[in-house]
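Architecture and fold: a report
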Amino acid sequence: MPPSLLPARATAHANIALAKYWGKSDIARNLPAVPSISLTLEELVTETEVCFEPRRKHDQLLLDGRRATAVETRRAAKLLDRVRAAAGIEHRATVTSTNHFPTAAGLASSASGFAALAAAATCATGRELDLTRLSALARRSSASAARSVFGGFVELPAGAPGEHGLAARPIAPPGHWDLRLVLAITAAGPKSVGSTEAMERSRTTSPFYDAWVASAPRWCDAVKRAIHDRDLELLGTAMEQSTLSFHCCAITSQPSTLYWSPATIAALQTVTDLRASGVPVWSTMDAGPHVKALCEAVDAPRVGNALKQTPGVLRVLFTTPGSGIEVSS
Ligand code: DP6
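Definitions and limits used
Residues numbered from 1 in each chain as written. Predicted model: local features only at pLDDT ≥ 70, side-chain atom pairs only at ≥ 80, totals over all residues. Heavy atoms only, no water. Helix = DSSP H or I, 4+ residues; strand = E, 2+ residues; numbered from the N terminus. Buried < 20%, exposed > 50% of the residue type's maximum accessible area, 1.4 Å probe, protein only. Contact = heavy atoms within 4.5 Å. Near = heavy atom within 4 Å. Polar contact = N/O pair within 3.5 Å; in protein donor to acceptor, adjacent residues only side chain to side chain. Areas by Shrake-Rupley, 256 points an atom, 1.4 Å probe, with all protein chains shown as cover. Core = buried A, V, L, I, M, F, W, Y, C linked by side-chain atoms within 4.5 Å. Domains from an automatic or database assignment. Salt bridge = Lys/Arg side-chain N within 4 Å of Asp/Glu carboxyl O.

This paragraph deals with the environment of Met 239. Positionally, Met 239 belongs in helix H7 (residues 232-251). Assessed through its relative accessible area of 0%, Met 239 is described here as buried. Sequence spacing of Met 239 and Ser 144 is 95 residues, and the spatial spacing of their C-alpha atoms is 16 Å. Residue contacts for Met 239: discarding those within four places in its chain leaves Leu 18, Val 223, Trp 282, Ser 283, Thr 284 and Leu 294.

Structure, rendered in structure tokens:
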């Protein structure tokens with residue numbers, strides 16, 4: 001085996017959007033219809049190893065200690081195909097990926113998963129890592145993964161791809177603002193409908209989709225300004241509007257995608273009540289029933305306690321601003 005095809009490992013952290021991505025302008029190229037901004041989270045990590053092997057006939061994916069399904073393997077193989085094409089090799093790969101997420105959290109791992117896979121696979125071909133190209137590569141598989149390449153506060157623009165493809169870019173490092181995202185886990189297991197399918201349903205059937213696409217850039221601008229000024233009220237308000245608006249599209253699509261459970265509503269109410277009692281805290285959600293509460297570090301214990309006592313909340317996780325991908329070979 002040439003030395004350039006030694007196994008490579010990468011770690012990437014999950015991210016939560018503060019201004020949400022929902023909907024594509026180009027499905028084939030996986031281009032987002034709206035810009036988004038996220039916070040990379042230190043506590044949610046995926047570790048991936050890729051080894052290209054001359055004698056292997058098919059790509060093999062081992063996910064959290066089990067053999068991945070055909071659908072999961074195909075999605076990973078598409079990314080590997082792009083890496084192989086860029087490197088001019090045809091070797092198939094063995095991919096071993098482990099999510100070091102707190103157990104049974106029911107949190108999505110595609111962002112950290114595809115960011116780690118893109119980094120490990122590129123590194124395993126012996127090619128130099130260019131973070132912008134890497135982000136564009138991860139984005140082709142899952143748009144939110146483009147953001148997990150970078151640490152801290154990260155923006156993924158919408159619109160036409162640049163020279164190296166559409167990529168995310170960092171807007172502030174993790175140390176810029178010591179925020180906490182307190183995750184209220186309201187269900188175990190995977191979500192009912194995946195985000196890719198749900199956002200496409202929204203685009204094609206929700207009467208509110210066009211209004212969402214028209215409004216999202218404004219919330220993104222507000223979130224960006226709020227990060228720059230460390231203005232939590234501006235950030236929280238825009239984040240809640242962005243969240244509720246994309247869920248509005250999902251709920252009003254045909255068939256409806258309702259991710260909310262009674263525990264979701266109870267947790268949202270807890271956040272609203274805390275705020276009414278003077279605690280600066282705002283909520284967000286993704287394509288699932290969990291509620292994520294954004295607050296200053298000093299308020300996190302109180303927010304966590306209130307969420308723990310909320311009926312239907314199974315557990316609470318405290319997360320902090322995290323770093324971007326790291327590779328080793
Ligand atoms: C609600 O990145 O999972 O979490 O590009 O189809 O893989 P694909 O979608 P994905 O969508 C994430 C949607 C979201 C909001 C966000 O992370 O911005």
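The subject of this paragraph is the site of the ligand. Around the ligand, a shell composed of 19 residues is seen, among which Tyr 21, Lys 24, Ser 142, Ser 144 and Thr 196 lie nearest. With respect to the ligand, the side chain of Arg 147 contributes an N or O atom lying 2.7 Å from an oxygen atom. Between the ligand and the protein, one listed contact pairs an oxygen atom with a side-chain N or O atom of Thr 196 at 2.7 Å. Contact with the protein chains covers 94% of the free accessible surface of the ligand, which is 460 Å².

The next point concerns the nonpolar core. Where a protein is soluble and globular, its nonpolar side chains tend to be buried together. Leu 18, Trp 22, Val 50, Phe 52, Trp 212 and Leu 235 are the most contacted members of the largest nonpolar core, which has 84 residues in total. With ten residues, the top contributor of residues to this core is helix H2 (residues 110-124). Residues from two domains meet in this core; each of domain 1 (8-176) and domain 2 (179-319) gives at least three. Discounting residues that sit within four places of it in the chain, Val 50 has contacts with Pro 7, Ala 8, Leu 80, Ala 93, Thr 94, Val 95, Leu 117, Ala 120, Ala 121 and Ala 124.

By the definition in use, this model includes 15 salt bridges. A salt bridge links Arg 203 to Glu 200; the shortest N-O distance between them is 2.7 Å. Placement of the pair is Arg 203 and Glu 200 together in helix H5 (residues 195-205), with a separation of three residues, close to one helical turn. Classification of Arg 203 by relative accessible area gives partly exposed; the value is 34%.

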